[in-house]
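Spelled out from the first residue to the last, the chains are:
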Amino acid sequence: MRGMDGNFFEDLTLGRTFDHGTPRTIGEAEASLHIALTGARQPLHSSRYLAQAMGLADRPIDDVLLFNIAFGKTVPDLSLNAVANLGYADVRFLAPVFPGDTIRARSQVIGRRETSGGKAGIVYVRSEAYNQDGTCVLSYVRWVLVNKARADVSDPAKEVPALPASVEADRLHVPTLHGARRSLQDATGSNRFWSDYAVGDRIDHPSGMTIDASDHTLATKLYQNSAKVHFDALAMRATPSGERLVYGGHVISVCRALSYDGLENIVSIAAINGGSHVAPTHAGDTLYCATEVIDRIRLPSTPELAALRLRLWGLKDLPPREVPAGALPGHPAVVLDLDYTVLIPA
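Keep in mind it's a predicted model, so treat the numbers as computed, not measured.

1. So, the packing of aromatic side chains
Any aromatic ring pair is given by two values, namely how distant the centres are and how the planes are angled relative to each other.
Inference 1: For the structure on display, the rule yields 6 aromatic pairs.
Inference 2: Taken together, a centroid distance of 5.2 Å and an interplanar angle of 45 degrees make the contact between Phe71 and Tyr247 tilted. Of this pair, Phe71 sits in helix H4 (residues 63-78) while Tyr247 sits in the loop between helix H8 (233-236) and helix H9 (248-258), placing them 176 residues apart in sequence. Considered together, Phe71 and Tyr247 belong to a single accessibility category, that of buried residues.
Inference 3: Ring centres of Tyr223 and Tyr247 lie 5.7 Å apart, and the angle between their planes is 65 degrees; this geometry places the pair in the edge-to-face category. In this pair, Tyr223 sits in the loop between helix H6 (213-222) and helix H7 (228-231) while Tyr247 sits in the loop between H8 and H9, placing the two residues 24 residues apart along the sequence.
Inference 4: For Tyr247, a relative accessible area of 2% corresponds to the buried category.
Inference 5: Among the aromatic residues, those joined into a ring-pair cluster are Phe67, Phe71, Tyr88, Tyr140, Tyr223 and Tyr247.
Inference 6: Cation over ring: Arg112 sits above Phe9, and NZ or CZ is 4.1 Å from the ring centre.

Dropping the structure here:
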(Lines give C-alpha, C1' and ligand atoms only; values in the text may rest on other atoms or scores of the structure.)
Protein backbone atom coordinates (compact mmCIF):
# COMPACT_ATOMS: atom_id res chain seq x y z
CA MET A 1 0.00 0.00 0.00
CA ARG A 2 1.07 3.57 -0.65
CA GLY A 3 0.76 6.17 2.09
CA MET A 4 -0.57 9.63 1.44
CA ASP A 5 2.99 10.94 1.27
CA GLY A 6 3.85 8.63 -1.65
CA ASN A 7 6.66 6.13 -2.00
CA PHE A 8 10.31 6.96 -1.50
CA PHE A 9 13.35 5.25 -3.01
CA GLU A 10 13.46 2.67 -0.20
CA ASP A 11 9.85 1.66 -0.95
CA LEU A 12 10.45 1.02 -4.66
CA THR A 13 12.06 -2.39 -4.36
CA LEU A 14 13.12 -4.50 -7.31
CA GLY A 15 10.21 -6.46 -8.78
CA ARG A 16 7.51 -4.52 -6.96
CA THR A 17 4.38 -4.11 -9.10
CA PHE A 18 1.63 -1.51 -9.02
CA ASP A 19 -1.87 -1.51 -10.46
CA HIS A 20 -2.31 2.23 -10.52
CA GLY A 21 -5.54 3.85 -9.39
CA THR A 22 -8.13 5.98 -11.15
CA PRO A 23 -8.83 4.60 -14.65
CA ARG A 24 -9.37 7.46 -17.10
CA THR A 25 -11.90 7.76 -19.89
CA ILE A 26 -10.37 10.00 -22.56
CA GLY A 27 -12.89 12.05 -24.48
CA GLU A 28 -13.20 14.76 -27.10
CA ALA A 29 -12.76 17.41 -24.42
CA GLU A 30 -9.27 16.14 -23.54
CA ALA A 31 -8.29 16.09 -27.21
CA SER A 32 -9.50 19.66 -27.72
CA LEU A 33 -7.85 20.95 -24.54
CA HIS A 34 -4.56 19.35 -25.57
CA ILE A 35 -4.73 21.29 -28.84
CA ALA A 36 -5.52 24.49 -26.92
CA LEU A 37 -2.51 24.03 -24.62
CA THR A 38 0.02 23.03 -27.29
CA GLY A 39 -1.26 24.26 -30.64
CA ALA A 40 -0.84 20.72 -32.03
CA ARG A 41 -1.81 20.39 -35.70
CA GLN A 42 -0.98 16.75 -36.45
CA PRO A 43 -3.69 15.94 -39.03
CA LEU A 44 -4.89 12.49 -38.06
CA HIS A 45 -5.52 13.63 -34.47
CA SER A 46 -7.34 16.75 -35.67
CA SER A 47 -9.89 15.44 -38.18
CA ARG A 48 -12.44 12.66 -37.73
CA TYR A 49 -13.27 12.90 -41.44
CA LEU A 50 -9.64 12.37 -42.42
CA ALA A 51 -9.19 9.45 -40.03
CA GLN A 52 -12.31 7.72 -41.31
CA ALA A 53 -11.31 8.33 -44.93
CA MET A 54 -8.08 6.46 -44.17
CA GLY A 55 -9.94 3.50 -42.63
CA LEU A 56 -9.94 4.27 -38.90
CA ALA A 57 -13.04 4.24 -36.73
CA ASP A 58 -12.47 7.78 -35.45
CA ARG A 59 -9.71 10.32 -35.03
CA PRO A 60 -7.23 8.70 -32.62
CA ILE A 61 -6.17 10.41 -29.42
CA ASP A 62 -2.86 12.21 -29.92
CA ASP A 63 0.05 9.85 -29.17
CA VAL A 64 1.75 12.20 -26.72
CA LEU A 65 -1.54 12.99 -24.97
CA LEU A 66 -2.05 9.25 -24.44
CA PHE A 67 1.51 8.92 -23.16
CA ASN A 68 1.12 11.81 -20.73
CA ILE A 69 -2.21 10.57 -19.36
CA ALA A 70 -0.84 7.05 -18.92
CA PHE A 71 2.27 8.55 -17.28
CA GLY A 72 0.09 10.58 -14.94
CA LYS A 73 -1.59 7.41 -13.68
CA THR A 74 1.79 6.20 -12.38
CA VAL A 75 2.90 9.34 -10.54
CA PRO A 76 1.17 8.83 -7.14
CA ASP A 77 2.86 5.44 -6.74
CA LEU A 78 6.21 6.04 -8.42
CA SER A 79 7.24 9.66 -8.59
CA LEU A 80 5.26 11.74 -6.13
CA ASN A 81 8.59 12.26 -4.35
CA ALA A 82 10.65 12.56 -7.51
CA VAL A 83 13.40 15.10 -7.96
CA ALA A 84 13.20 14.74 -11.75
CA ASN A 85 12.15 12.32 -14.46
CA LEU A 86 15.39 11.48 -16.26
CA GLY A 87 14.64 9.54 -19.42
CA TYR A 88 12.68 7.02 -21.49
CA ALA A 89 13.39 3.92 -23.56
CA ASP A 90 11.55 1.20 -25.47
CA VAL A 91 8.34 3.23 -25.75
CA ARG A 92 5.89 1.47 -28.08
CA PHE A 93 2.44 2.63 -29.13
CA LEU A 94 0.69 -0.68 -29.65
CA ALA A 95 -2.89 0.18 -30.62
CA PRO A 96 -4.88 3.33 -31.33
CA VAL A 97 -6.95 4.89 -28.57
CA PHE A 98 -10.18 6.63 -29.55
CA PRO A 99 -12.43 9.12 -27.74
CA GLY A 100 -14.47 7.19 -25.20
CA ASP A 101 -11.80 4.58 -24.44
CA THR A 102 -10.82 4.07 -20.81
CA ILE A 103 -7.15 3.71 -19.85
CA ARG A 104 -5.63 2.07 -16.81
CA ALA A 105 -1.96 1.55 -16.01
CA ARG A 106 0.31 -1.04 -14.42
CA SER A 107 4.04 -0.79 -13.55
CA GLN A 108 6.90 -2.93 -12.30
CA VAL A 109 10.21 -1.80 -10.84
CA ILE A 110 12.93 -3.33 -13.05
CA GLY A 111 16.03 -1.57 -11.70
CA ARG A 112 17.32 0.76 -9.00
CA ARG A 113 20.51 2.30 -7.69
CA GLU A 114 21.44 4.82 -5.04
CA THR A 115 23.06 8.05 -6.21
CA SER A 116 26.59 8.89 -5.13
CA GLY A 117 25.38 11.60 -2.76
CA GLY A 118 23.16 9.13 -0.93
CA LYS A 119 20.15 11.44 -0.64
CA ALA A 120 18.19 9.92 -3.54
CA GLY A 121 18.14 6.99 -5.93
CA ILE A 122 17.35 6.24 -9.55
CA VAL A 123 14.45 3.85 -10.13
CA TYR A 124 13.80 2.11 -13.49
CA VAL A 125 10.20 1.15 -14.19
CA ARG A 126 8.36 -0.67 -16.98
CA SER A 127 4.84 0.74 -17.32
CA GLU A 128 1.97 -0.43 -19.51
CA ALA A 129 -1.41 1.09 -20.33
CA TYR A 130 -4.49 -0.96 -21.18
CA ASN A 131 -7.86 -0.05 -22.62
CA GLN A 132 -11.24 -1.22 -21.35
CA ASP A 133 -10.94 -4.46 -23.36
CA GLY A 134 -7.62 -5.38 -21.77
CA THR A 135 -5.62 -4.53 -24.89
CA CYS A 136 -2.16 -3.13 -24.15
CA VAL A 137 -2.03 0.18 -26.01
CA LEU A 138 1.28 1.54 -24.69
CA SER A 139 4.43 0.10 -23.12
CA TYR A 140 7.48 2.03 -21.96
CA VAL A 141 10.45 2.20 -19.61
CA ARG A 142 11.37 5.33 -17.71
CA TRP A 143 13.89 6.14 -15.02
CA VAL A 144 13.32 8.68 -12.33
CA LEU A 145 15.35 10.27 -9.55
CA VAL A 146 13.43 9.73 -6.29
CA ASN A 147 14.17 11.15 -2.86
CA LYS A 148 15.06 8.82 0.01
CA ALA A 149 13.08 8.88 3.22
CA ARG A 150 16.29 8.39 5.21
CA ALA A 151 19.31 10.01 3.61
CA ASP A 152 21.49 8.75 6.47
CA VAL A 153 20.81 5.07 5.68
CA SER A 154 22.80 3.55 2.81
CA ASP A 155 21.12 1.29 0.26
CA PRO A 156 23.95 -0.38 -1.71
CA ALA A 157 21.75 -2.69 -3.81
CA LYS A 158 22.28 -1.92 -7.50
CA GLU A 159 20.47 -3.32 -10.54
CA VAL A 160 20.51 -1.39 -13.83
CA PRO A 161 18.45 -3.03 -16.60
CA ALA A 162 19.78 -3.56 -20.12
CA LEU A 163 17.61 -1.49 -22.46
CA PRO A 164 17.46 -1.62 -26.27
CA ALA A 165 19.09 1.24 -28.15
CA SER A 166 16.03 1.43 -30.41
CA VAL A 167 12.74 -0.26 -31.14
CA GLU A 168 13.30 -2.58 -34.09
CA ALA A 169 10.99 -2.35 -37.10
CA ASP A 170 9.43 -5.76 -36.48
CA ARG A 171 8.26 -4.57 -33.04
CA LEU A 172 6.44 -1.50 -34.39
CA HIS A 173 2.65 -1.46 -34.53
CA VAL A 174 1.71 -0.48 -38.09
CA PRO A 175 -1.99 0.25 -38.71
CA THR A 176 -3.77 -0.75 -41.89
CA LEU A 177 -4.65 2.47 -43.72
CA HIS A 178 -6.08 3.25 -47.14
CA GLY A 179 -5.18 6.15 -49.41
CA ALA A 180 -3.02 7.77 -46.73
CA ARG A 181 -0.75 9.65 -49.14
CA ARG A 182 -3.54 11.26 -51.12
CA SER A 183 -5.72 11.99 -48.08
CA LEU A 184 -2.90 13.59 -46.10
CA GLN A 185 -1.69 15.74 -48.98
CA ASP A 186 -5.23 17.03 -49.47
CA ALA A 187 -5.51 17.75 -45.73
CA THR A 188 -2.12 19.40 -45.14
CA GLY A 189 -1.22 20.89 -48.51
CA SER A 190 2.26 19.39 -48.15
CA ASN A 191 3.80 16.98 -50.64
CA ARG A 192 6.69 15.92 -48.35
CA PHE A 193 6.66 12.15 -47.80
CA TRP A 194 9.15 9.43 -46.86
CA SER A 195 11.22 9.63 -50.03
CA ASP A 196 11.67 13.40 -49.58
CA TYR A 197 13.75 13.00 -46.41
CA ALA A 198 17.38 11.88 -46.31
CA VAL A 199 19.51 10.64 -43.44
CA GLY A 200 21.36 13.62 -42.01
CA ASP A 201 18.70 16.17 -42.95
CA ARG A 202 18.11 18.80 -40.28
CA ILE A 203 14.79 20.63 -40.12
CA ASP A 204 14.82 23.89 -38.17
CA HIS A 205 11.17 24.34 -37.25
CA PRO A 206 10.35 28.05 -37.46
CA SER A 207 7.93 28.66 -34.58
CA GLY A 208 8.52 29.06 -30.86
CA MET A 209 6.17 28.87 -27.88
CA THR A 210 6.54 30.60 -24.53
CA ILE A 211 5.47 28.35 -21.65
CA ASP A 212 3.02 30.25 -19.47
CA ALA A 213 2.64 29.25 -15.82
CA SER A 214 -1.10 28.81 -16.30
CA ASP A 215 -0.68 26.61 -19.38
CA HIS A 216 1.89 24.19 -18.01
CA THR A 217 0.00 23.88 -14.71
CA LEU A 218 -3.30 23.23 -16.49
CA ALA A 219 -1.66 20.72 -18.83
CA THR A 220 -0.18 18.79 -15.93
CA LYS A 221 -3.61 18.74 -14.28
CA LEU A 222 -5.06 17.44 -17.54
CA TYR A 223 -2.58 14.56 -17.34
CA GLN A 224 -3.46 14.06 -13.61
CA ASN A 225 0.24 14.23 -12.83
CA SER A 226 0.38 15.12 -9.14
CA ALA A 227 4.18 15.36 -8.71
CA LYS A 228 5.03 18.06 -6.18
CA VAL A 229 7.79 19.63 -8.31
CA HIS A 230 5.18 20.83 -10.83
CA PHE A 231 2.57 22.25 -8.44
CA ASP A 232 3.95 23.23 -5.05
CA ALA A 233 5.64 26.61 -5.46
CA LEU A 234 6.19 26.95 -1.72
CA ALA A 235 8.07 23.65 -1.48
CA MET A 236 10.11 24.44 -4.59
CA ARG A 237 11.45 27.68 -3.11
CA ALA A 238 13.92 25.64 -1.09
CA THR A 239 15.30 23.82 -4.15
CA PRO A 240 18.20 24.96 -6.37
CA SER A 241 15.78 26.13 -9.08
CA GLY A 242 13.66 28.07 -6.59
CA GLU A 243 10.53 27.53 -8.66
CA ARG A 244 8.29 24.87 -10.10
CA LEU A 245 9.47 22.73 -13.01
CA VAL A 246 7.51 22.29 -16.21
CA TYR A 247 6.60 18.60 -16.53
CA GLY A 248 8.91 17.04 -19.10
CA GLY A 249 6.05 15.31 -20.89
CA HIS A 250 4.51 18.71 -21.56
CA VAL A 251 7.83 19.87 -23.01
CA ILE A 252 7.62 16.87 -25.36
CA SER A 253 4.02 17.79 -26.26
CA VAL A 254 4.94 21.38 -27.09
CA CYS A 255 8.03 20.43 -29.10
CA ARG A 256 6.12 17.84 -31.06
CA ALA A 257 3.44 20.43 -31.83
CA LEU A 258 6.11 22.88 -33.00
CA SER A 259 7.68 20.21 -35.22
CA TYR A 260 4.60 20.07 -37.45
CA ASP A 261 6.09 22.54 -39.92
CA GLY A 262 8.36 20.41 -42.08
CA LEU A 263 6.85 17.10 -40.92
CA GLU A 264 3.23 17.71 -41.85
CA ASN A 265 2.34 14.27 -43.21
CA ILE A 266 3.34 12.07 -40.28
CA VAL A 267 0.65 9.51 -39.55
CA SER A 268 1.62 8.69 -35.98
CA ILE A 269 4.43 8.04 -33.52
CA ALA A 270 5.21 4.33 -33.50
CA ALA A 271 7.95 4.34 -30.86
CA ILE A 272 10.21 6.46 -28.70
CA ASN A 273 13.64 4.84 -28.80
CA GLY A 274 15.12 6.93 -26.05
CA GLY A 275 15.03 10.37 -24.61
CA SER A 276 16.25 12.61 -21.86
CA HIS A 277 15.37 15.91 -20.29
CA VAL A 278 18.77 17.53 -20.58
CA ALA A 279 17.91 20.62 -18.54
CA PRO A 280 14.88 21.93 -16.65
CA THR A 281 12.21 24.15 -18.18
CA HIS A 282 10.37 26.83 -16.21
CA ALA A 283 7.44 29.14 -16.79
CA GLY A 284 8.48 32.02 -19.02
CA ASP A 285 10.93 29.96 -21.09
CA THR A 286 10.37 29.95 -24.85
CA LEU A 287 10.76 26.61 -26.57
CA TYR A 288 11.97 26.04 -30.12
CA CYS A 289 12.87 22.77 -31.80
CA ALA A 290 14.85 21.15 -34.57
CA THR A 291 14.67 17.64 -36.03
CA GLU A 292 17.43 15.49 -37.48
CA VAL A 293 16.69 12.44 -39.65
CA ILE A 294 18.59 9.48 -38.22
CA ASP A 295 17.28 6.65 -40.40
CA ARG A 296 14.79 5.75 -43.12
CA ILE A 297 13.12 2.38 -42.60
CA ARG A 298 11.07 0.36 -45.05
CA LEU A 299 8.21 -1.66 -43.57
CA PRO A 300 7.71 -5.02 -45.31
CA SER A 301 4.30 -5.39 -43.66
CA THR A 302 2.81 -2.58 -45.76
CA PRO A 303 3.81 -0.90 -49.03
CA GLU A 304 1.80 2.20 -48.17
CA LEU A 305 3.69 3.28 -45.06
CA ALA A 306 7.36 3.60 -44.14
CA ALA A 307 9.17 4.86 -41.05
CA LEU A 308 11.52 7.69 -40.21
CA ARG A 309 13.72 7.62 -37.14
CA LEU A 310 14.04 11.19 -35.93
CA ARG A 311 15.95 13.07 -33.26
CA LEU A 312 13.95 15.94 -31.84
CA TRP A 313 15.88 18.69 -30.07
CA GLY A 314 14.03 21.12 -27.79
CA LEU A 315 15.86 24.41 -27.23
CA LYS A 316 15.19 27.06 -24.61
CA ASP A 317 15.21 30.73 -25.61
CA LEU A 318 17.20 30.13 -28.81
CA PRO A 319 15.83 29.56 -32.34
CA PRO A 320 17.58 26.61 -33.99
CA ARG A 321 18.59 28.68 -37.02
CA GLU A 322 21.12 30.32 -34.70
CA VAL A 323 22.78 26.97 -33.87
CA PRO A 324 25.43 25.83 -36.38
CA ALA A 325 25.25 22.45 -38.07
CA GLY A 326 26.49 19.68 -35.80
CA ALA A 327 26.40 21.85 -32.68
CA LEU A 328 23.15 20.63 -31.12
CA PRO A 329 24.65 17.78 -29.03
CA GLY A 330 25.86 19.37 -25.83
CA HIS A 331 24.58 22.84 -26.68
CA PRO A 332 23.62 24.76 -23.50
CA ALA A 333 20.21 25.75 -24.91
CA VAL A 334 19.04 22.13 -25.31
CA VAL A 335 16.42 21.00 -22.79
CA LEU A 336 15.06 17.93 -24.63
CA ASP A 337 16.78 15.22 -26.65
CA LEU A 338 14.22 12.73 -28.01
CA ASP A 339 14.91 9.84 -30.40
CA TYR A 340 11.64 8.57 -31.88
CA THR A 341 10.21 6.69 -34.85
CA VAL A 342 7.24 7.88 -36.88
CA LEU A 343 5.09 6.40 -39.63
CA ILE A 344 4.65 8.33 -42.88
CA PRO A 345 3.33 7.41 -46.35
CA ALA A 346 6.02 5.89 -48.54
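2. Things to note about unusual backbone geometry
Inference 1: Not every positive phi belongs to a glycine, and Gln224 is a case in point at roughly 55 degrees.
Inference 2: Taking relative accessible area as the criterion, Gln224 reaches 32% and is therefore assigned partly exposed.
Inference 3: Even without a glycine there, the phi angle at Asp317 is positive, about 60 degrees.
Inference 4: Relative to the helices and strands, Asp317 resides in the loop between strand S11 (305-316) and strand S12 (334-345).
Inference 5: In this structure Asp317 comes out as partly exposed when scored by relative accessible area, which is 47%.

3. Some words on the nonpolar core
Inference 1: Residues Leu138 and Tyr340 are the most contacted members of the largest nonpolar core, which totals 57 residues.
Inference 2: Here this core gets 8 residues from one element, more than from any other, and that element is H4.
Inference 3: If we skip the residues at most four places from it in the chain, Leu138 touches Leu66, Phe67, Ala70, Val91, Arg92, Phe93, Leu94, Ser127, Glu128 and Ala129.
Inference 4: In terms of nonpolar packing, the next biggest core, distinct from the first, is built from 20 residues, Leu172, Val174, Ile297 and Ala307 among them.

4. Here's the deal with H9
Inference 1: Within H9, 11 of the 11 residues are buried, which leaves the element mostly enclosed by the surrounding structure.
Inference 2: Every buried residue belonging to H9 is among Gly248, Gly249, His250, Val251, Ile252, Ser253, Val254, Cys255, Arg256, Ala257 and Leu258, and all of these are buried.

5. Some details on the environment of Gln132
Inference 1: Note that Gln132 resides in the loop between strand S5 (120-130) and strand S6 (136-147).
Inference 2: Setting aside anything within four residues of it in sequence, one finds Gln132 in contact with Asp101 and Thr102.
Inference 3: Separated by 3.0 Å, the side chains of Gln132 and Asp101 make a polar contact.
Inference 4: Within the structure, the side chain of Gln132 is placed 2.9 Å from the backbone nitrogen of Thr102, a separation counted as a polar contact.

6. Description of the packing of helix H1 (residues 28-38) against H6
Inference 1: At a minimum axis separation of 10 Å, H1 and H6 run at an interaxial angle of 155 degrees. In terms of orientation, H1 and H6 fall into the roughly antiparallel class. Between H1 and H6 lies a crossing whose hand is left-handed. Where H1 approaches H6, its residues Glu30, Leu33, His34 and Leu37 are matched on the opposing element by Asp215, Leu218, Ala219 and Leu222.
Inference 2: Broken down by class, the residue content of the contact of H1 with H6 amounts to 5 nonpolar, 1 polar and 2 charged.

7. Describing the pairing of S5
Inference 1: The element S5 is largely enclosed, with a buried count of 9 among its 11 residues.
Inference 2: Here 10 bridges tie strand S4 (residues 102-114) to S5, and the two strands are oriented antiparallel to one another. Each bridged residue has a counterpart across the sheet, and for Arg113 the counterpart in S5 is Ile122.
Inference 3: Sheet topology note: the S5/S6 ladder contains 11 bridges and is antiparallel. Opposite Glu128, over in S6, you have Ser139 as the bridge partner.
Inference 4: With antiparallel pairing between neighbouring strands as the criterion, S5 and S6 make up a hairpin whose turn holds 5 residues, including Gly134 at a positive phi of roughly 85 degrees.

Here is what the cut-offs are and how they apply
- Residues numbered from 1 in each chain as written.
- Predicted model: local features only at pLDDT ≥ 70, side-chain atom pairs only at ≥ 80, totals over all residues.
- Heavy atoms only, no water.
- Phe/Tyr/Trp six-rings, centres within 6.5 Å; stacked < 30°, edge-to-face > 60°.
- Helix = DSSP H or I, 4+ residues; strand = E, 2+ residues; numbered from the N terminus.
- Buried < 20%, exposed > 50% of the residue type's maximum accessible area, 1.4 Å probe, protein only.
- Lys NZ or Arg CZ within 6 Å of the ring centre and 35° of its normal.
- Core = buried A, V, L, I, M, F, W, Y, C linked by side-chain atoms within 4.5 Å.
- Contact = heavy atoms within 4.5 Å.
- Polar contact = N/O pair within 3.5 Å; in protein donor to acceptor, adjacent residues only side chain to side chain.
- Axes fitted to C-alpha atoms, helices over the stretch in contact; angles between N-to-C directions.
- Parallel < 35°, antiparallel > 145°, perpendicular 65-115°, else oblique.
- Left-handed = near helix turned anticlockwise from the far one by under 90°.
- Nonpolar A, V, L, I, M, F, W, Y, C, P; charged D, E, K, R; others polar.
- Pairing = 2+ DSSP bridges.

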